[in-house]
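# Overview (structure and organization)
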Amino acid sequence: MGAFNAEDERWMRVALNIARSKGAHPSDSPLGTVIVLDGRVVGQERNQTEELPDATAHAEMMAIRRACESEGSMELRGATLYSTLQPCGMCTMASIWSKVGRVVYGAGRDDVHQMYFEDRHVDTLTFIADAYRDDIVIEGGCLREECAKLYYGPDDDVPLEEQGNL
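## Digging into the overall build of the chain
Secondary structure assignment for the chain yields 5 helices and 5 strands. Every one of the 166 residues in the chain was classed for burial, and the buried ones make up 52%. Considering only contacts within the chain whose residues lie at least 6 apart along the sequence, 67% involve residues at least 24 apart. Split by element, the accessible area of the chain, about 8,300 Å² in all, is 49% carbon and sulfur.

Take a look at the structure:
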């Protein structure tokens, strides 16, 4: 887990506000992402899978799209992606492909219900460790408790109709 500074916490609070714009109930999948490059926001989005409807419209994916559009490039070298929840495999791969330099997340897979992840045995840290790039860093636990409050907890009895990925 990373050592976070005031700037990391500042940007994670922006991601938390973006997540809360979706709703306050865990069933709303309130996930927020902000991408920062050279001290400025180049992309920020919330989860939009249900609204669009688009299974790939995770907050990280949407923020990467906005950041690439903003920068006029599909490479975001030097950028930091802040996400309220540990990115799934799809979003981690998008971070690798877009050349994001650093991923900082709040709540990790052990802090939330298993339904938020596509697999119980593979996590993004493994993806990063095995990535062909060695210039990407992923750090978790920034404002962990505040972020985890957005989601169902690991031991919550979540109604089946609200569970995704299971």
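Read on, since the account is not over.
## Here's the deal with the environment of Ser 98
Within the element layout of this structure, Ser 98 appears in the loop between helix 3 (89–97) and strand 4 (102–107). Among residues more than four places away in sequence, those in contact with Ser 98 are Ile 64, Met 74, Glu 75, Leu 76 and Arg 77.

## Side note on the side chain of Thr 33
Of note, Thr 33 is situated in strand 1 (residues 32–37). Of the polar contacts made by the side chain of Thr 33, one reaches the backbone nitrogen of Glu 60; its length is 3.4 Å. Those residues in contact with Thr 33 that lie beyond four places of it in its chain are Ala 15, Ile 18, Gly 43, Gln 44, Glu 45, Ala 59, Glu 60, Ala 63, Leu 81, Tyr 82 and Ser 83.

## Some words on helix 2 (residues 59–71)
In this model helix 2 runs 18 Å from its N-terminal to its C-terminal C-alpha over 13 residues, within 8% of the 18 Å that 1.5 Å per residue would give. Buried within helix 2 are the following residues: Ala 59, Glu 60, Met 61, Met 62, Ala 63, Ile 64, Ala 67 and Cys 68. Of the residues one or two after helix 2, Gly 72 is the one with positive phi, at around 65°.

Parameters and conventions
- Residues numbered from 1 in each chain as written.
- Predicted model: local features only at pLDDT ≥ 70, side-chain atom pairs only at ≥ 80, totals over all residues.
- Heavy atoms only, no water.
- Helix = DSSP H or I, 4+ residues; strand = E, 2+ residues; numbered from the N terminus.
- Buried < 20%, exposed > 50% of the residue type's maximum accessible area, 1.4 Å probe, protein only.
- Contact = heavy atoms within 4.5 Å.
- Areas by Shrake-Rupley, 256 points an atom, 1.4 Å probe, with all protein chains shown as cover.
- Polar contact = N/O pair within 3.5 Å; in protein donor to acceptor, adjacent residues only side chain to side chain.
- Expected span 1.5 Å × (residues − 1).

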